[in-house]
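Structural description and commentary
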Amino acid sequence: MFSKQRTEIKRLKSKQTIERLFSEGTHLGKRPMKLVCDTQKGGGLALGFGVSKRMFPRAVDRNKIKRLMREQYRIVCSDTSYTPIEGNGFFIYNSRELPSLETIEKAMLPLVKRWVDLQ
RNA sequence: ACCGCAGGCCUCCUUAUCGCUCCGCCUUGGCGGAGAGGAAAGUCCGGACACCAUAGCGCAGCAUAGCGGGUAACGCCCGUCGCUCCGAUUUAUCAGAGUAGGACCAGUGCAACAGAAAGCAAGUACAGUUCGGCUGUAGUGAAACCAGGUAAACUCUAUGCGGUGCAACGCCAUGUAAACCAACGUUUAGGAUAGCGCGUCCAAGUUGGAGGGUAGGCGGAUUGAGCGAUGCAGUAAUGCAUCGUCUAGAUUAAUGAUAGGGCACGACAGAAUCCGGCUUAUGGCCUGCUUUUUAU
RNA sequence: UGGCCUAUGGUGUAACUGGCAACACAUCUGAUUUUGGUUCAGAAGAGUCUAGGUUCGAUCCCUAGUAGGCCAA
(Lines give C-alpha, C1' and ligand atoms only; values in the text may rest on other atoms or scores of the structure.)
Protein backbone atom coordinates (compact mmCIF):
# COMPACT_ATOMS: atom_id res chain seq x y z
CA MET A 1 0.00 0.00 0.00
CA PHE A 2 1.39 3.43 -1.00
CA SER A 3 4.59 1.66 -1.93
CA LYS A 4 6.25 4.57 -3.74
CA GLN A 5 5.96 6.84 -0.70
CA ARG A 6 8.66 7.40 1.88
CA THR A 7 6.81 5.33 4.46
CA GLU A 8 4.82 2.14 3.97
CA ILE A 9 1.26 2.24 5.32
CA LYS A 10 -0.32 -0.96 6.60
CA ARG A 11 -3.99 -1.70 7.07
CA LEU A 12 -5.03 -1.88 10.67
CA LYS A 13 -6.54 -5.38 10.83
CA SER A 14 -6.11 -6.96 14.22
CA LYS A 15 -9.06 -6.79 16.59
CA GLN A 16 -6.72 -6.86 19.58
CA THR A 17 -4.64 -3.86 18.51
CA ILE A 18 -7.75 -1.85 17.70
CA GLU A 19 -9.22 -2.50 21.15
CA ARG A 20 -5.92 -1.52 22.79
CA LEU A 21 -5.75 1.60 20.58
CA PHE A 22 -9.21 2.75 21.64
CA SER A 23 -8.62 2.15 25.36
CA GLU A 24 -5.02 3.48 25.61
CA GLY A 25 -4.52 5.74 22.57
CA THR A 26 -4.87 9.50 22.32
CA HIS A 27 -8.29 10.81 21.17
CA LEU A 28 -8.15 13.93 19.02
CA GLY A 29 -11.23 15.72 17.71
CA LYS A 30 -11.81 18.23 14.92
CA ARG A 31 -15.32 18.59 13.57
CA PRO A 32 -16.62 16.56 11.75
CA MET A 33 -13.83 13.99 12.21
CA LYS A 34 -12.04 12.21 14.99
CA LEU A 35 -8.62 10.53 15.24
CA VAL A 36 -7.59 7.86 17.71
CA CYS A 37 -3.81 7.31 17.62
CA ASP A 38 -0.71 6.21 19.50
CA THR A 39 3.06 6.48 18.85
CA GLN A 40 4.12 2.84 19.00
CA LYS A 41 7.56 2.43 17.45
CA GLY A 42 8.90 -0.37 15.29
CA GLY A 43 5.69 -1.42 13.51
CA GLY A 44 5.60 1.30 10.89
CA LEU A 45 2.36 3.14 10.19
CA ALA A 46 -1.01 1.34 10.28
CA LEU A 47 -4.27 3.10 9.53
CA GLY A 48 -7.99 2.32 9.74
CA PHE A 49 -11.07 4.25 8.68
CA GLY A 50 -14.61 4.04 10.08
CA VAL A 51 -18.10 5.50 9.66
CA SER A 52 -21.01 4.94 12.03
CA LYS A 53 -23.86 2.83 10.77
CA ARG A 54 -26.20 4.94 12.88
CA MET A 55 -25.24 8.09 10.99
CA PHE A 56 -25.37 6.50 7.50
CA PRO A 57 -27.71 3.53 7.22
CA ARG A 58 -26.85 2.81 3.56
CA ALA A 59 -23.66 0.91 2.81
CA VAL A 60 -23.05 2.93 -0.34
CA ASP A 61 -22.64 6.15 1.64
CA ARG A 62 -20.32 4.55 4.19
CA ASN A 63 -18.09 3.13 1.46
CA LYS A 64 -17.99 6.53 -0.26
CA ILE A 65 -16.85 8.36 2.88
CA LYS A 66 -14.18 5.80 3.69
CA ARG A 67 -12.83 6.09 0.13
CA LEU A 68 -12.73 9.86 0.42
CA MET A 69 -10.77 9.67 3.69
CA ARG A 70 -8.30 7.17 2.23
CA GLU A 71 -7.80 9.39 -0.81
CA GLN A 72 -7.26 12.46 1.33
CA TYR A 73 -4.59 10.74 3.44
CA ARG A 74 -2.83 9.71 0.23
CA ILE A 75 -2.73 13.37 -0.83
CA VAL A 76 -1.35 14.36 2.57
CA CYS A 77 1.46 11.80 2.20
CA SER A 78 2.48 13.01 -1.25
CA ASP A 79 2.89 16.57 0.03
CA THR A 80 6.52 17.71 0.37
CA SER A 81 6.14 19.04 3.93
CA TYR A 82 4.98 15.64 5.22
CA THR A 83 7.11 14.05 7.94
CA PRO A 84 6.90 10.27 8.48
CA ILE A 85 4.87 8.93 11.40
CA GLU A 86 5.20 5.68 13.27
CA GLY A 87 2.23 4.17 15.15
CA ASN A 88 -1.42 3.19 14.77
CA GLY A 89 -4.22 5.54 13.77
CA PHE A 90 -7.98 5.25 13.29
CA PHE A 91 -10.03 7.95 11.59
CA ILE A 92 -13.75 8.23 12.35
CA TYR A 93 -16.23 10.38 10.45
CA ASN A 94 -18.79 11.68 12.91
CA SER A 95 -21.45 13.78 11.20
CA ARG A 96 -24.79 13.17 9.52
CA GLU A 97 -23.95 15.18 6.37
CA LEU A 98 -22.36 13.62 3.31
CA PRO A 99 -18.94 15.31 3.04
CA SER A 100 -16.90 16.50 0.06
CA LEU A 101 -13.15 16.05 -0.29
CA GLU A 102 -12.57 19.66 0.84
CA THR A 103 -14.30 19.27 4.18
CA ILE A 104 -12.30 16.10 4.81
CA GLU A 105 -9.11 17.96 3.99
CA LYS A 106 -9.91 20.84 6.37
CA ALA A 107 -10.49 18.39 9.21
CA MET A 108 -7.64 16.01 8.49
CA LEU A 109 -4.75 18.47 8.15
CA PRO A 110 -4.83 19.74 11.77
CA LEU A 111 -5.36 16.21 13.06
CA VAL A 112 -2.27 14.92 11.27
CA LYS A 113 -0.25 17.93 12.43
CA ARG A 114 -1.15 17.29 16.08
CA TRP A 115 -0.29 13.62 15.62
CA VAL A 116 3.15 14.60 14.25
CA ASP A 117 3.69 16.84 17.31
CA LEU A 118 3.15 13.82 19.58
CA GLN A 119 6.11 11.96 18.05
C1' A B 1 -50.99 8.92 -30.81
C1' C B 2 -52.66 7.79 -25.76
C1' C B 3 -53.82 4.24 -21.86
C1' G B 4 -53.23 -0.79 -19.95
C1' C B 5 -50.72 -5.56 -20.03
C1' A B 6 -46.72 -9.06 -21.29
C1' G B 7 -41.57 -10.15 -22.72
C1' G B 8 -36.34 -8.85 -23.58
C1' C B 9 -31.80 -5.69 -23.13
C1' C B 10 -28.54 -1.87 -20.80
C1' U B 11 -27.19 0.38 -16.06
C1' C B 12 -22.73 6.69 -18.46
C1' C B 13 -18.64 6.14 -22.22
C1' U B 14 -13.53 7.36 -23.33
C1' U B 15 -8.08 9.25 -22.81
C1' A B 16 -3.94 10.45 -19.44
C1' U B 17 -1.49 10.57 -14.39
C1' C B 18 -1.49 8.76 -9.29
C1' G B 19 -3.71 5.00 -5.95
C1' C B 20 -6.50 0.15 -3.79
C1' U B 21 -7.62 -5.90 -3.44
C1' C B 22 -6.26 -10.70 -5.51
C1' C B 23 -3.42 -13.91 -8.95
C1' G B 24 1.02 -15.11 -12.12
C1' C B 25 6.25 -14.10 -13.53
C1' C B 26 11.12 -12.63 -12.79
C1' U B 27 12.90 -11.12 -8.32
C1' U B 28 12.84 -7.54 -3.83
C1' G B 29 10.20 -3.39 -7.02
C1' G B 30 8.77 -3.74 -11.38
C1' C B 31 5.82 -6.05 -15.44
C1' G B 32 1.21 -8.50 -17.05
C1' G B 33 -3.94 -10.04 -16.00
C1' A B 34 -8.73 -9.89 -13.26
C1' G B 35 -11.95 -6.90 -9.95
C1' A B 36 -19.83 -5.73 -7.15
C1' G B 37 -25.92 -6.26 -8.50
C1' G B 38 -30.57 -6.91 -11.05
C1' A B 39 -32.04 -6.45 -7.13
C1' A B 40 -25.78 -7.79 -3.99
C1' A B 41 -31.60 -5.75 -0.03
C1' G B 42 -35.88 -7.93 2.90
C1' U B 43 -34.81 -12.86 5.28
C1' C B 44 -40.52 -14.82 3.10
C1' C B 45 -39.79 -20.15 1.17
C1' G B 46 -36.77 -24.32 -0.91
C1' G B 47 -32.00 -26.85 -1.20
C1' A B 48 -26.43 -27.86 -1.17
C1' C B 49 -22.67 -28.38 2.67
C1' A B 50 -21.24 -29.34 7.98
C1' C B 51 -21.90 -31.15 12.91
C1' C B 52 -24.99 -33.33 16.79
C1' A B 53 -28.68 -40.54 19.95
C1' U B 54 -29.88 -34.35 24.09
C1' A B 55 -29.92 -37.30 16.39
C1' G B 56 -34.16 -43.10 17.58
C1' C B 57 -39.89 -44.57 17.91
C1' G B 58 -45.08 -43.02 18.70
C1' C B 59 -48.34 -39.00 19.65
C1' A B 60 -48.62 -33.98 19.33
C1' G B 61 -47.16 -29.80 16.29
C1' C B 62 -46.16 -27.09 11.60
C1' A B 63 -46.75 -26.43 6.29
C1' U B 64 -49.25 -27.34 1.55
C1' A B 65 -54.27 -28.25 -1.04
C1' G B 66 -58.87 -28.35 -8.51
C1' C B 67 -56.27 -31.43 -12.47
C1' G B 68 -51.66 -32.50 -15.31
C1' G B 69 -46.46 -31.52 -15.96
C1' G B 70 -41.25 -29.29 -14.79
C1' U B 71 -37.33 -29.34 -11.04
C1' A B 72 -31.96 -31.25 -6.65
C1' A B 73 -36.18 -29.19 -4.00
C1' C B 74 -40.09 -25.69 -3.04
C1' G B 75 -45.28 -22.37 -0.59
C1' C B 76 -41.62 -21.52 -7.16
C1' C B 77 -42.51 -22.08 -12.65
C1' C B 78 -45.54 -23.87 -17.09
C1' G B 79 -50.19 -25.67 -19.18
C1' U B 80 -55.37 -26.29 -18.33
C1' C B 81 -60.58 -26.28 -16.00
C1' G B 82 -63.88 -23.53 -12.70
C1' C B 83 -64.98 -18.85 -10.13
C1' U B 84 -64.34 -13.43 -9.41
C1' C B 85 -62.91 -8.58 -11.36
C1' C B 86 -61.93 -4.76 -15.14
C1' G B 87 -63.41 -1.85 -19.59
C1' A B 88 -66.42 -2.35 -23.78
C1' U B 89 -70.39 -3.71 -26.41
C1' U B 90 -73.05 -7.81 -29.99
C1' U B 91 -75.80 -9.86 -23.05
C1' A B 92 -72.37 -13.83 -23.65
C1' U B 93 -68.12 -13.00 -25.68
C1' C B 94 -62.99 -10.71 -25.60
C1' A B 95 -56.96 -8.30 -24.79
C1' G B 96 -56.04 -9.16 -19.87
C1' A B 97 -55.76 -9.30 -14.07
C1' G B 98 -56.67 -12.08 -9.54
C1' U B 99 -57.72 -16.81 -7.34
C1' A B 100 -55.12 -20.91 0.38
C1' G B 101 -60.44 -23.58 -5.49
C1' G B 102 -59.87 -30.99 -1.05
C1' A B 103 -63.92 -32.53 2.54
C1' C B 104 -69.74 -29.51 6.61
C1' C B 105 -73.54 -37.73 3.91
C1' A B 106 -67.60 -38.40 10.80
C1' G B 107 -68.22 -35.09 15.02
C1' U B 108 -68.17 -30.12 17.58
C1' G B 109 -68.82 -24.94 17.28
C1' C B 110 -70.51 -20.07 15.20
C1' A B 111 -74.27 -16.62 12.82
C1' A B 112 -74.68 -9.15 15.77
C1' C B 113 -79.30 -6.52 14.12
C1' A B 114 -83.81 -7.94 11.89
C1' G B 115 -87.09 -12.09 11.87
C1' A B 116 -92.29 -16.68 14.06
C1' A B 117 -87.90 -19.51 13.29
C1' A B 118 -80.38 -19.33 12.21
C1' G B 119 -80.78 -26.08 14.00
C1' C B 120 -81.88 -32.68 17.95
C1' A B 121 -86.93 -27.76 16.80
C1' A B 122 -91.02 -24.60 16.99
C1' G B 123 -94.27 -22.06 13.93
C1' U B 124 -96.91 -15.99 11.62
C1' A B 125 -100.48 -14.05 7.89
C1' C B 126 -103.19 -14.90 3.38
C1' A B 127 -104.94 -18.11 -0.60
C1' G B 128 -106.00 -23.01 -2.62
C1' U B 129 -107.56 -27.87 -1.29
C1' U B 130 -109.17 -34.29 -2.11
C1' C B 131 -110.31 -30.73 4.91
C1' G B 132 -105.62 -35.86 7.13
C1' G B 133 -102.40 -32.40 6.53
C1' C B 134 -100.20 -30.65 2.20
C1' U B 135 -99.13 -26.91 -1.71
C1' G B 136 -98.22 -21.84 -3.11
C1' U B 137 -97.39 -16.69 -1.83
C1' A B 138 -95.91 -12.68 1.56
C1' G B 139 -92.54 -10.48 5.12
C1' U B 140 -86.86 -10.42 7.85
C1' G B 141 -81.96 -11.31 6.54
C1' A B 142 -75.68 -12.15 3.70
C1' A B 143 -78.07 -16.92 4.32
C1' A B 144 -84.68 -19.94 5.61
C1' C B 145 -88.11 -27.75 6.12
C1' C B 146 -83.02 -28.40 2.18
C1' A B 147 -79.41 -34.33 3.88
C1' G B 148 -79.36 -25.33 4.46
C1' G B 149 -74.53 -21.69 5.24
C1' U B 150 -69.56 -21.34 7.35
C1' A B 151 -63.20 -25.19 7.35
C1' A B 152 -57.76 -17.76 5.86
C1' A B 153 -63.71 -21.88 12.81
C1' C B 154 -61.97 -26.38 15.54
C1' U B 155 -61.60 -30.66 12.76
C1' C B 156 -61.11 -34.79 8.95
C1' U B 157 -58.43 -36.64 4.51
C1' A B 158 -53.89 -36.79 1.42
C1' U B 159 -48.70 -35.42 1.05
C1' G B 160 -44.19 -33.52 3.25
C1' C B 161 -41.15 -32.03 7.58
C1' G B 162 -35.20 -34.42 13.21
C1' G B 163 -32.44 -30.11 15.14
C1' U B 164 -28.75 -26.43 14.73
C1' G B 165 -26.32 -23.25 11.54
C1' C B 166 -20.06 -21.26 7.92
C1' A B 167 -19.41 -17.03 14.24
C1' A B 168 -21.34 -24.74 11.19
C1' C B 169 -17.01 -27.54 11.12
C1' G B 170 -11.55 -28.99 10.51
C1' C B 171 -6.27 -27.82 11.39
C1' C B 172 -1.96 -25.05 13.61
C1' A B 173 0.18 -22.82 17.81
C1' U B 174 0.32 -21.51 23.22
C1' G B 175 -0.25 -25.09 27.11
C1' U B 176 -2.48 -23.86 33.99
C1' A B 177 -7.69 -26.55 35.72
C1' A B 178 -12.52 -28.34 39.42
C1' A B 179 -12.80 -29.96 32.11
C1' C B 180 -12.20 -35.24 28.52
C1' C B 181 -11.78 -40.86 27.63
C1' A B 182 -11.64 -46.10 29.55
C1' A B 183 -12.37 -49.56 33.66
C1' C B 184 -14.38 -50.37 38.57
C1' G B 185 -18.34 -48.75 41.58
C1' U B 186 -23.56 -47.33 42.49
C1' U B 187 -28.69 -44.73 43.83
C1' U B 188 -32.91 -46.04 40.42
C1' A B 189 -34.05 -40.63 43.03
C1' G B 190 -33.02 -36.34 40.28
C1' G B 191 -31.42 -33.88 35.80
C1' A B 192 -30.77 -33.36 30.17
C1' U B 193 -34.18 -32.53 24.90
C1' A B 194 -39.23 -26.63 21.68
C1' G B 195 -44.33 -30.28 24.30
C1' C B 196 -45.82 -35.53 26.29
C1' G B 197 -44.69 -40.99 26.78
C1' C B 198 -40.98 -44.86 25.70
C1' G B 199 -35.93 -45.06 24.74
C1' U B 200 -31.06 -42.82 25.14
C1' C B 201 -27.45 -39.96 27.93
C1' C B 202 -25.58 -37.88 32.62
C1' A B 203 -23.29 -37.46 39.02
C1' A B 204 -19.90 -37.95 43.45
C1' G B 205 -15.26 -41.62 44.48
C1' U B 206 -10.71 -44.73 42.93
C1' U B 207 -7.08 -46.30 39.13
C1' G B 208 -4.97 -45.59 34.35
C1' G B 209 -4.63 -42.78 29.85
C1' A B 210 -4.93 -38.82 26.63
C1' G B 211 -5.11 -34.16 25.06
C1' G B 212 -9.18 -30.26 25.03
C1' G B 213 -11.64 -24.61 26.15
C1' U B 214 -10.68 -19.09 25.59
C1' A B 215 -7.66 -15.04 22.85
C1' G B 216 -4.79 -15.44 17.92
C1' G B 217 -3.70 -17.49 12.84
C1' C B 218 -4.95 -20.72 8.53
C1' G B 219 -8.48 -23.65 5.89
C1' G B 220 -13.90 -23.97 4.87
C1' A B 221 -13.97 -19.73 0.25
C1' U B 222 -15.28 -19.99 -4.74
C1' U B 223 -15.41 -24.61 -11.13
C1' G B 224 -20.64 -24.26 -10.06
C1' A B 225 -27.91 -27.95 -9.96
C1' G B 226 -21.92 -22.28 -13.76
C1' C B 227 -22.26 -19.19 -18.30
C1' G B 228 -22.67 -18.65 -23.89
C1' A B 229 -23.79 -20.62 -28.90
C1' U B 230 -26.00 -24.36 -32.10
C1' G B 231 -29.17 -28.60 -32.88
C1' C B 232 -33.10 -31.98 -31.23
C1' A B 233 -37.70 -33.24 -28.06
C1' G B 234 -41.94 -30.55 -25.88
C1' U B 235 -48.00 -26.03 -26.63
C1' A B 236 -44.77 -24.25 -22.58
C1' A B 237 -41.92 -24.40 -18.04
C1' U B 238 -37.81 -27.44 -19.08
C1' G B 239 -34.64 -31.54 -20.59
C1' C B 240 -30.74 -33.94 -23.69
C1' A B 241 -26.36 -33.74 -27.02
C1' U B 242 -22.03 -31.18 -29.15
C1' C B 243 -18.63 -27.12 -29.09
C1' G B 244 -16.59 -22.99 -26.59
C1' U B 245 -15.37 -20.39 -22.01
C1' C B 246 -13.33 -19.24 -16.58
C1' U B 247 -16.23 -14.60 -14.76
C1' A B 248 -14.70 -10.74 -7.20
C1' G B 249 -13.11 -13.70 -3.08
C1' A B 250 -12.18 -9.43 0.96
C1' U B 251 -11.71 -10.28 6.65
C1' U B 252 -11.78 -2.57 10.52
C1' A B 253 -13.24 -5.46 5.01
C1' A B 254 -10.77 -3.79 -1.99
C1' U B 255 -13.50 0.23 -7.62
C1' G B 256 -11.35 6.27 -5.81
C1' A B 257 -9.07 11.29 -7.00
C1' U B 258 -7.46 15.04 -10.59
C1' A B 259 -7.54 16.98 -15.74
C1' G B 260 -9.77 16.88 -20.94
C1' G B 261 -13.83 15.43 -24.44
C1' G B 262 -18.87 13.54 -25.61
C1' C B 263 -24.17 12.54 -24.66
C1' A B 264 -29.62 10.76 -22.79
C1' C B 265 -26.40 14.84 -17.62
C1' G B 266 -26.46 9.07 -14.98
C1' A B 267 -32.54 5.97 -10.81
C1' C B 268 -32.46 2.27 -6.89
C1' A B 269 -28.30 1.03 -4.69
C1' G B 270 -22.23 -2.16 -2.54
C1' A B 271 -20.62 -9.18 -2.56
C1' A B 272 -19.18 -11.70 2.96
C1' U B 273 -20.58 -20.01 2.66
C1' C B 274 -22.99 -20.93 -2.07
C1' C B 275 -27.22 -21.86 -5.31
C1' G B 276 -33.06 -21.96 -7.10
C1' G B 277 -37.32 -18.77 -6.41
C1' C B 278 -40.61 -14.95 -4.16
C1' U B 279 -41.19 -9.90 -2.43
C1' U B 280 -39.80 -4.83 -2.11
C1' A B 281 -36.85 -0.15 -4.24
C1' U B 282 -35.81 1.81 -9.17
C1' G B 283 -33.75 5.16 -14.54
C1' G B 284 -33.82 4.33 -19.86
C1' C B 285 -34.57 1.68 -24.59
C1' C B 286 -36.84 -2.03 -27.87
C1' U B 287 -40.72 -5.64 -29.41
C1' G B 288 -45.74 -7.63 -29.30
C1' C B 289 -51.07 -7.50 -28.02
C1' U B 290 -56.28 -5.37 -26.47
C1' U B 291 -59.70 -1.20 -26.25
C1' U B 292 -60.72 3.92 -27.62
C1' U B 293 -59.97 8.37 -30.72
C1' U B 294 -58.04 10.67 -35.21
C1' A B 295 -56.15 10.27 -40.28
C1' U B 296 -55.56 7.37 -44.83
C1' U C 1 -25.19 -13.74 10.37
C1' G C 2 -29.44 -16.02 12.46
C1' G C 3 -33.95 -15.71 15.42
C1' C C 4 -38.19 -13.19 18.03
C1' C C 5 -41.81 -9.36 19.35
C1' U C 6 -44.79 -4.86 19.03
C1' A C 7 -47.79 -0.92 16.50
C1' U C 8 -55.30 1.62 18.81
C1' G C 9 -57.32 9.68 20.51
C1' G C 10 -51.71 14.18 22.45
C1' U C 11 -49.74 10.12 26.36
C1' G C 12 -50.43 5.24 28.80
C1' U C 13 -53.54 1.05 28.26
C1' A C 14 -58.64 -2.03 27.15
C1' A C 15 -61.87 -4.35 23.55
C1' C C 16 -63.81 -12.48 25.57
C1' U C 17 -64.66 -17.24 20.46
C1' G C 18 -65.18 -11.58 14.22
C1' G C 19 -70.96 -7.98 15.48
C1' C C 20 -71.93 0.32 17.68
C1' A C 21 -63.67 1.03 19.20
C1' A C 22 -63.85 1.61 25.83
C1' C C 23 -61.05 3.85 30.19
C1' A C 24 -57.57 7.10 32.82
C1' C C 25 -54.39 11.33 32.47
C1' A C 26 -53.78 15.63 29.44
C1' U C 27 -56.85 19.62 26.44
C1' C C 28 -61.22 22.96 26.08
C1' U C 29 -66.00 25.14 28.21
C1' G C 30 -69.03 26.20 32.46
C1' A C 31 -69.99 26.20 37.94
C1' U C 32 -67.82 26.82 42.98
C1' U C 33 -63.68 30.68 44.85
C1' U C 34 -61.55 37.62 45.86
C1' U C 35 -57.91 34.84 42.43
C1' G C 36 -55.42 30.09 41.53
C1' G C 37 -55.55 24.90 42.90
C1' U C 38 -58.91 20.99 44.48
C1' U C 39 -63.86 19.41 43.43
C1' C C 40 -68.38 19.02 40.30
C1' A C 41 -70.91 19.10 35.37
C1' G C 42 -70.18 18.82 30.16
C1' A C 43 -67.61 18.83 25.30
C1' A C 44 -64.12 17.90 21.54
C1' G C 45 -60.46 14.74 19.83
C1' A C 46 -59.49 7.72 16.40
C1' G C 47 -61.71 4.70 12.31
C1' U C 48 -57.16 0.93 14.96
C1' C C 49 -49.01 1.60 11.09
C1' U C 50 -49.74 0.89 5.24
C1' A C 51 -51.75 -2.06 0.93
C1' G C 52 -54.50 -6.26 -0.54
C1' G C 53 -57.47 -10.81 0.55
C1' U C 54 -61.19 -14.28 3.30
C1' U C 55 -66.17 -12.97 5.24
C1' C C 56 -72.89 -10.58 5.08
C1' G C 57 -69.46 -7.85 8.32
C1' A C 58 -62.39 -7.46 10.47
C1' U C 59 -58.75 -3.88 15.95
C1' C C 60 -59.39 -9.37 15.79
C1' C C 61 -58.20 -14.32 10.65
C1' C C 62 -54.47 -14.64 6.23
C1' U C 63 -50.55 -12.47 2.84
C1' A C 64 -47.02 -8.68 1.61
C1' G C 65 -44.64 -4.24 3.17
C1' U C 66 -43.22 0.12 6.70
C1' A C 67 -41.44 1.80 11.41
C1' G C 68 -39.60 0.69 16.22
C1' G C 69 -37.59 -2.64 19.80
C1' C C 70 -35.30 -7.23 21.85
C1' C C 71 -32.13 -11.75 21.94
C1' A C 72 -27.79 -15.25 20.57
C1' A C 73 -22.72 -15.85 18.89
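As shown above, the structure is provided for reference.
Residues numbered from 1 in each chain as written. Chains lettered and ligands numbered in written order. Predicted model: local features only at pLDDT ≥ 70, side-chain atom pairs only at ≥ 80, totals over all residues. Heavy atoms only, no water.

Examining the overall build of chain A
Of the regular secondary structure elements, chain A holds 3 helices and 5 strands. Start at the N end of chain A and walk to the C end: the helices and strands fall as β-α-β-β-β-α-β-α. Burial status across chain A gives 39% buried among its 119 residues. Within chain A, contacts between residues separated by at least 24 positions form 77% of all contacts whose residues are at least 6 apart in sequence. Surface accessibility of chain A: about 7,600 Å² in total, with carbon and sulfur atoms responsible for 48%. (Helix = DSSP H or I, 4+ residues; strand = E, 2+ residues; numbered from the N terminus. Buried < 20%, exposed > 50% of the residue type's maximum accessible area, 1.4 Å probe, protein only. Contact = heavy atoms within 4.5 Å. Areas by Shrake-Rupley, 256 points an atom, 1.4 Å probe, with all protein chains shown as cover.)

What about a positive patch on the surface?
Taken together, Arg11, Lys13, Lys64, Arg67 and Arg70 make up a surface patch of like positive charges. Element by element, the count of residues in the positive patch is highest for helix H2 (residues 59-78), at 3 residues. With respect to the helices and strands, arginine 11 occurs in strand S1 (residues 9-11). The exposure class assigned to arginine 11 is exposed, which follows from its relative accessible area of 61%. (Patch = residues over 30% accessible without salt bridge, like charges linked within 9 Å, V, L, I, M, F, W, Y side chains within 5 Å. Salt bridge = Lys/Arg side-chain N within 4 Å of Asp/Glu carboxyl O. Lys, Arg positive; Asp, Glu negative; His and termini not counted. Charge placed at Lys NZ, Arg CZ, Asp CG, Glu CD.)

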